[in-house]
Amino acid sequence: MSEAAWAILAENDRGGYTVPTAHLYPFQWNWDSAFVAIGFATYDIDRAYRELERLAEGQWDDGMIPHIIFHAPSDTYFPGPEVWGTRHRIPTSGITQPPVFGMALRQVHEAASAAGRPDAVERTRKLFQNALRSHRWWLRARDPEGTGLVSILHPWESGSDNSPAWDEALKRVPTSTKTTIRRKDTGHVDAAMRPRDEDYQRFIHLVDVYRECEWDPARQWEAAPFKIADVQMTGILARSTADLLILAQSLSSPEERGELERMHQVLTEGLARRWRQDLSRFVSRDLVSHRDVEAPTQACFIPLVALTLDDQQRRAIRSEIKRWLDGMVVGVPSTAPFSPAFEPKRYWRGPVWAVVNWLISDGLRMNGSEDLAREIEQGTVQAIERAGFCEYFDPTTGEGLGGGTFSWTAAAYLVLSQRS
Ligand code: GLC
């Protein structure tokens, strides 16, 4: 099965970067590529570095690494570069995605060093600077008040586009758009699995608002009709910061190490405050309504990748995750099965994503739940072996759904099958 995973990554290679899958997602996506780089590090270190280097080509001068890099044109995806109207050297989108980059860089560097590659230090050093600049952007642009939590201004930034976590906040976003919507996704996969038209209108309304702010972070922060201090994003950023700190021991200056340590402290403290004992979960905060986001989604477990929990929290999270797995053919569902919002086949409203399981099991292992981590990893590997390298899986049946031949599912397979 590893050969099949390699074949998918080869098929989706467009010259040093990997598209998530042909047709449906024909460009380079930010967090997909970071996971893919970790997958490549298991067998092709040069290619792992290339993936991150090509992603870094899209980094803006202010430090943001966009969610899509349009290296080459394609007419099978909407919204393309003309809708975003950004001004980077290479056409890109104007929003970002979870910064798995730092986590990936550490993995790639460690694999390169273990293999004794002479170019490891030089290549890692350059990418380390890209990562550091992007983390600075995160804190400056997305936590200007210094709360220790970074915010998303668009559901697409979260990586969980259509999650019920955004329902309440998205309802306040108008459906009017200045851009003509020409959806392409529903021509590639069944519309019943994709976001609804009304959601799409709101997604594009937000793009219109931010384009009118000329993509200036301060203006966007002021104008944003959608602003959520997100525990998934902050968890990943905090973890990437910890991974950069490890690289910084040998690759960076004392000043930069100090800066990363301060970032790490602010982020982990901010994150720790989002624990809700009554829910046994971490919760995001809606900065427009000033309310907690209580929808039970996978995001609630992602802080485990960055925090050391106390015993009571560990017990609570374990039994909460077990409750979500109960009766499922494959877990962890992206929305709790007991939630009224649960839809096992619709985008981020129930289905299982291999990369999410990868993060959750990492976090569980770090917090002393090796057995549950293994159970989730093995379930993921088996689901892929049964159904193929699909975009995601129906937790109630194990059926593979969405786009086929998915790069990050192949990468997850390469990494998780080595562990189980
Ligand atoms: C969808 C997913 C997002 C992913 C992208 C490409 O937009 O929600 O997480 O990065 O597809 O795979």
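Thresholds applied
- Residues numbered from 1 in each chain as written.
- Predicted model: local features only at pLDDT ≥ 70, side-chain atom pairs only at ≥ 80, totals over all residues.
- Heavy atoms only, no water.
- Pairing = 2+ DSSP bridges.
- Helix = DSSP H or I, 4+ residues; strand = E, 2+ residues; numbered from the N terminus.
- Core = buried A, V, L, I, M, F, W, Y, C linked by side-chain atoms within 4.5 Å.
- Buried < 20%, exposed > 50% of the residue type's maximum accessible area, 1.4 Å probe, protein only.
- Contact = heavy atoms within 4.5 Å.
- Expected span 1.5 Å × (residues − 1).
- Axes fitted to C-alpha atoms, helices over the stretch in contact; angles between N-to-C directions.
- Left-handed = near helix turned anticlockwise from the far one by under 90°.
- Nonpolar A, V, L, I, M, F, W, Y, C, P; charged D, E, K, R; others polar.
- UniProt positions renumbered as here; feature names shortened; annotations may be inferred.
- Parallel < 35°, antiparallel > 145°, perpendicular 65-115°, else oblique.

Caption draft 1: Broad picture of the sheet that holds strand 3 (residues 151-152). One open sheet accounts for four strands, arranged 3-4-7-8; its pairing is antiparallel. Of all the strands in the sheet, just strand 3 and strand 8 (291-293) have a single pairing partner and so form its edges. The sheet contact formed by strand 3 and strand 4 (residues 228-229) spans two bridges and is antiparallel. The residue of strand 4 that forms the bridge with isoleucine 152 is isoleucine 228.

Caption draft 2: Structural detail: the nonpolar core. Formed by 137 residues in total, the largest nonpolar core has its most connected members in Phe226, Ile321 and Ile360. Per element, the largest residue contribution to this core is 10 residues, and it comes from helix 12 (residues 231-251).

Caption draft 3: Quick look at the side chain of arginine 346. Mapped onto the elements, arginine 346 comes out in the loop between helix 14 (311-325) and helix 15 (354-366). When sequence neighbours within four positions are dropped, the list of residues in contact with arginine 346 reads Asn162, Ala191, Ala192, Met193, Arg194, Arg196 and Pro351.

Caption draft 4: Summary view of helix 5 (residues 101-114). Taking 1.5 Å as the rise per residue, helix 5 with 14 residues should run 20 Å; its terminal C-alpha atoms sit 20 Å apart, in good agreement. Contacts from the buried residues of helix 5 go to helix 2 (30-40), helix 3 (45-56), helix 6 (120-142), helix 12 and helix 15. Glycine 116 sits one or two positions beyond helix 5 and adopts a positive phi of about 70°.

Caption draft 5: Seen up close, the packing of helix 1 (residues 2-11) against helix 17 (residues 407-419). Helix 17 packs onto helix 1 with a crossing angle of 145° between their chain directions and a minimal axis gap of 9 Å. Here helix 1 and helix 17 pass one another in a crossing that is left-handed. Residue-level inspection shows Ser2, Ala5, Trp6, Ile8 and Leu9 of helix 1 in contact with helix 17, the latter providing Ser407, Ala410, Tyr413 and Leu414. Of the residues in the contact of helix 1 with helix 17, the class split is seven nonpolar, two polar and no charged.

Caption draft 6: Seen up close, the UniProt feature "domain: Mannosylglycerate hydrolase MGH1-like glycoside hydrolase" (unreviewed entry) in the chain. UniProt tags residues 25-409 as "domain: Mannosylglycerate hydrolase MGH1-like glycoside hydrolase" (unreviewed entry). What you have in residues 25-409 is 49% helix and 6% strand, and the ends, taken at the C-alpha atoms, are 14 Å apart.

Caption draft 7: Structural context of the packing of helix 15 against helix 16 (residues 370-387). The contact between helix 15 and helix 16 brings their axes to 8 Å, and the two run at 165°. The pairing of helix 15 with helix 16 is recorded here as roughly antiparallel in orientation. Of the two elements, helix 15 crosses helix 16, and the hand of that crossing is left-handed. From helix 15, Ala354, Asn357, Ile360, Ser361, Leu364 and Arg365 reach across to helix 16, where they touch Glu370, Leu372, Ala373, Arg374, Ile376, Glu377, Thr380 and Ile384. Here the contact of helix 15 with helix 16 is built from residues that sort into seven nonpolar, three polar and four charged.

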